[in-house]
Amino acid sequence: MESKYVFITGGVVSSLGKGIIAASLAKLLQARGLRVTIQKFDPYINIDPGTLNPYEHGECYVTEDGAETDLDLGHYERFLGVHTSQANNVTTGRIYNTVITKEREGAYLGKTVQIVPHITDEIKRRMTLLGQDGKYDIILTEIGGTVGDMESQPFIEAVRQLQWELPEEDCMSIHLTLVPFLNAAKELKTKPTQHSVQKLQQSGVQPDVIICRTEHPLSDDIKRKVALFCNVKPGHVIQSIDAWSIYQVPLNMHAEHLDELVVRKLQIENFNAPDLTRWNEFLYRLSHPSREVDIALVGKYVSLQDAYKSILEALVHAGAANDCKVNVHTVLSDDITEENVADYLKGMNGILVAPGFGGRGLEGKVHAIRYARENNIPFLGICLGMQMCVVEFARNVLGYADAASTELYPDTTHPVIDLMEEQKKTTMKGGTMRLGAYDCKLAKGTLAYDIYGCENISERHRHRYEFNAKYAKDFAEAGLVASGHNPQTGLTEIVELPTHKFFIGSQFHPEYKSTPEKPHPLFRRFIQAALQ
Ligand code: GLN
């Protein structure tokens, strides 16, 4: 079967949860036995979100093949349990970069290079790229931004053209909007939805299904009104009511017959009811915890939830796996000093020190780690969190008072964390870190080996600095064990303190690979340790 395409646009306001809707629909189609992937087209000029501040755009999600992508790809992977790649996230910047490079190469000699057809052709080429090798029955494409934005117009135009080119039954479009509730009038309002759909129609795209985000159930009358005014079939307007968990949304969408509408429109002979047995098991555990645990998340981007999306989700998965609710207490590392550290961390069952870049909040992280180490509180440090646990140990156990990462203190006499060799030549910032999946060999007899239950693992990376091998012997003698190495380069990928209840720092990011159906072993054991 040729791949079929589902386009998802959003209107009225941003942050409606298009990514979750896309992931939920994909989950339902996958649970019907179809092969599905999701891709996201983002209308900004950055080549990828790797250069964006997490405060502006939330977490940067890293794929196996080392693409720095939008955090929605994290949702796609968590819901579907399958890997995405660079091809699954494309920005306006990447499209223009390709077209302008081709122009310089002479690919369009004699022609004026224009948005239509050159930019839109490149968008369409990328939209259909994953459909080339017959790997997928259905490709869902989420268009970032809101309909009517200047930036998203070429993407909407590309959707229009594809819908015009492809057979009726090979593509469809879904529009997600908001139906606000006016408290004063005690009424749900459909006008913003009507206007948003009109915008889409002006661009030549007629949605087949309208999904309305709402805080209150939509009556049949309201659904009918939206259908009539927006020119979609009755029954093709469905509600997406606020859910208690994002993982509940696939079930809500199924109850609204979304997956059924899609297979019918795409004329896929699929009469299977989605098999969501494992998903439901997870949801049951998530909603019936028998105990609780308090975890401090120490980082510098804590005021924005989305900045640590994958970590927060991995904690949710690990909590469910341990039959417990994880209460996350975010702590801004900038605020922590040697004197007040206990005020923030006393009573916590576990301390997680987050990844990050630059100097702000670094010393606070070091104090938090010292507190975890000296008070035998389960500790998990990720990337910068691992690097700072090495610094803390060097300063307070080895006695190297000025030990540091050269990221912040280039002149330290004890550069226990230093720039990776291959990074020394790099001046460009975008896409130049050590990125994506790398092998790691765990040493037998270590906690890490016990947790993973095997010797050879692969995890994803995003960093420039590394554990300085010159100090490996000092650390080992004082008790900080390097429990895993990259088999090719010898880089230290994970460290641990065997004398401690649970003290692990990983240079890689385990959070990217945790899913509800396959919680990550490191997070699982971290929560287990926190429970004891
Ligand atoms: N800033 C550190 C580095 O580049 C850590 C990066 C991270 O935490 N992802 O090595």
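Report follows, based on the coordinates.

What counts and what doesn't
Residues numbered from 1 in each chain as written. Predicted model: local features only at pLDDT ≥ 70, side-chain atom pairs only at ≥ 80, totals over all residues. Heavy atoms only, no water. Core = buried A, V, L, I, M, F, W, Y, C linked by side-chain atoms within 4.5 Å. Buried < 20%, exposed > 50% of the residue type's maximum accessible area, 1.4 Å probe, protein only. Helix = DSSP H or I, 4+ residues; strand = E, 2+ residues; numbered from the N terminus. Contact = heavy atoms within 4.5 Å. Near = heavy atom within 4 Å. Polar contact = N/O pair within 3.5 Å; in protein donor to acceptor, adjacent residues only side chain to side chain. Areas by Shrake-Rupley, 256 points an atom, 1.4 Å probe, with all protein chains shown as cover. Expected span 1.5 Å × (residues − 1). Pairing = 2+ DSSP bridges. Axes fitted to C-alpha atoms, helices over the stretch in contact; angles between N-to-C directions. Arc of directions from axis to C-beta.

### A closer look at the nonpolar core
The nonpolar side chains of a soluble globular protein tend to be buried, and buried together.
Phase 1 of the analysis: Ranked by size, the top nonpolar core spans 44 residues in total, and within it Val 6, Leu 29, Leu 140, Ile 174, Ile 211, Leu 258 and Val 262 carry the most contacts.
Phase 2 of the analysis: Looking at this core element by element, the count peaks at nine residues for helix 1 (residues 18-31).
Phase 3 of the analysis: Excluding residues that lie within four positions of it along the chain, Val 6 makes contacts with Leu 25, Ile 138, Ile 139, Leu 140, Thr 141, Met 172, Ile 174, Val 262 and Leu 266.
Phase 4 of the analysis: Within the second largest apolar cluster, 38 residues are counted, among which are Ile 377, Val 416, Tyr 471 and Val 495.

### Thoughts on the site of the ligand
Phase 1 of the analysis: As a matter of local geometry, the ligand sits amid Pro 355, Gly 356, Phe 357, Cys 383, Leu 384, Gln 387, Glu 407, Arg 462, His 463, Arg 464, Tyr 465 and His 509.
Phase 2 of the analysis: At a separation of 2.9 Å, an oxygen atom of the ligand approaches a polar backbone atom of Gly 356.
Phase 3 of the analysis: Considering the ligand on its own, with 300 Å² of exposed area, one finds that the protein chains cover 99% of that surface.
Phase 4 of the analysis: Only helix 15 (384-396) and strand 19 (456-463) provide two or more residues apiece to the shell around the ligand.

### Regarding helix 14 (residues 362-374)
Phase 1 of the analysis: Over its 13 residues, helix 14 extends 19 Å from the first C-alpha to the last, a length consistent with the 18 Å expected when each residue adds 1.5 Å.
Phase 2 of the analysis: Residues of helix 14 that are buried sit in contact with strand 12 (291-299), helix 13 (341-345), strand 14 (350-353), strand 15 (379-382), helix 15 and strand 23 (503-506).
Phase 3 of the analysis: Asn 376 occupies a position one or two residues after helix 14 and carries a positive phi of about 55 degrees.

### What about the sheet that holds strand 17 (residues 415-419)?
Phase 1 of the analysis: Taken together, the three strands give an open sheet; going across it, the order is 16-17-20, and neighbouring strands pair in mixed fashion. The open sheet has two free edges, formed respectively by strand 16 (404-405) and strand 20 (465-467), since each of these has just one partner strand.
Phase 2 of the analysis: Across three bridges, strand 17 lies against strand 20 in antiparallel orientation. Looking at the pairing, Leu 419 lines up with Tyr 465 of strand 20.
Phase 3 of the analysis: Across the sheet, helix 15 lies against strand 16, strand 17 and strand 20, angled at about 150 degrees from strand 17, the strand it touches most.

### Some remarks on the environment of Asn 486
Phase 1 of the analysis: Mapped onto the fold, Asn 486 is located in the loop between strand 21 (481-485) and strand 22 (492-496).
Phase 2 of the analysis: By relative accessible area, Asn 486 is classed as buried at 2%.
Phase 3 of the analysis: With 44 residues separating them along the chain, Asn 486 and Leu 442 place their C-alpha atoms 9.0 Å apart.
Phase 4 of the analysis: Setting aside residues up to four positions removed in sequence, Asn 486 forms contacts with Arg 434, Tyr 438, Asp 439, Leu 491 and Glu 493.
Phase 5 of the analysis: Within the local environment of Asn 486, its side chain forms a polar contact with the backbone oxygen of Asp 439, the two atoms lying 3.5 Å apart.
Phase 6 of the analysis: A distance of 2.9 Å separates the side chain of Asn 486 from the backbone nitrogen of Thr 489, its partner in a polar contact.

### Focus on helix 7 (residues 191-202)
Phase 1 of the analysis: With twelve residues, helix 7 extends 16 Å between its outermost C-alpha atoms, agreeing within 8% with the 16 Å of an ideal straight helix rising 1.5 Å per residue.
Phase 2 of the analysis: Listing the buried residues of helix 7 in full gives Thr 193, Gln 194, Ser 196, Val 197 and Leu 200. One face of helix 7 carries all of its buried residues, which in axial projection span an arc of 165 degrees.
Phase 3 of the analysis: Contacts from the buried residues of helix 7 go to strand 1 (4-10), helix 6 (153-165), strand 7 (171-178), strand 10 (209-214) and helix 8 (220-230).

### As for the sheet that holds strand 5 (residues 89-91)
Phase 1 of the analysis: Taking strand neighbours across the sheet as the criterion, the seven strands line up as 5-2-6-1-7-10-11 in an open arrangement whose pairing is parallel. Strand pairing shows two members of the sheet lacking a second neighbour, strand 5 and strand 11 (237-241), which therefore form its edges. When the angles between neighbouring strand axes are averaged without regard to direction, this sheet yields 20 degrees.
Phase 2 of the analysis: Across six bridges, strand 1 lies against strand 7 in parallel orientation. Paired with Gly 10 across the two strands is Leu 176, which belongs to strand 7.
Phase 3 of the analysis: Sheet strands in contact with helix 3 (residues 72-80) are strand 2 (36-42), strand 5 and strand 6 (138-143), and its direction is about 175 degrees off that of strand 2.

### Quick notes on unusual backbone geometry
Phase 1 of the analysis: In this structure, the amide linkage connecting Val 116 to the following residue, Pro 117, adopts the cis form with an omega of 10 degrees.
Phase 2 of the analysis: Relative to the elements of secondary structure, Pro 117 occurs in helix 5 (residues 115-127).
Phase 3 of the analysis: Look at Val 12: it is not a glycine, yet its phi comes out positive at around 75 degrees.
Phase 4 of the analysis: For Val 12, the position within the fold is in the loop between strand 1 and helix 1.
Phase 5 of the analysis: One non-glycine residue, His 257, lies in the positive phi region at around 65 degrees.
Phase 6 of the analysis: Here His 257 lies in the loop between helix 9 (249-255) and helix 10 (258-265).

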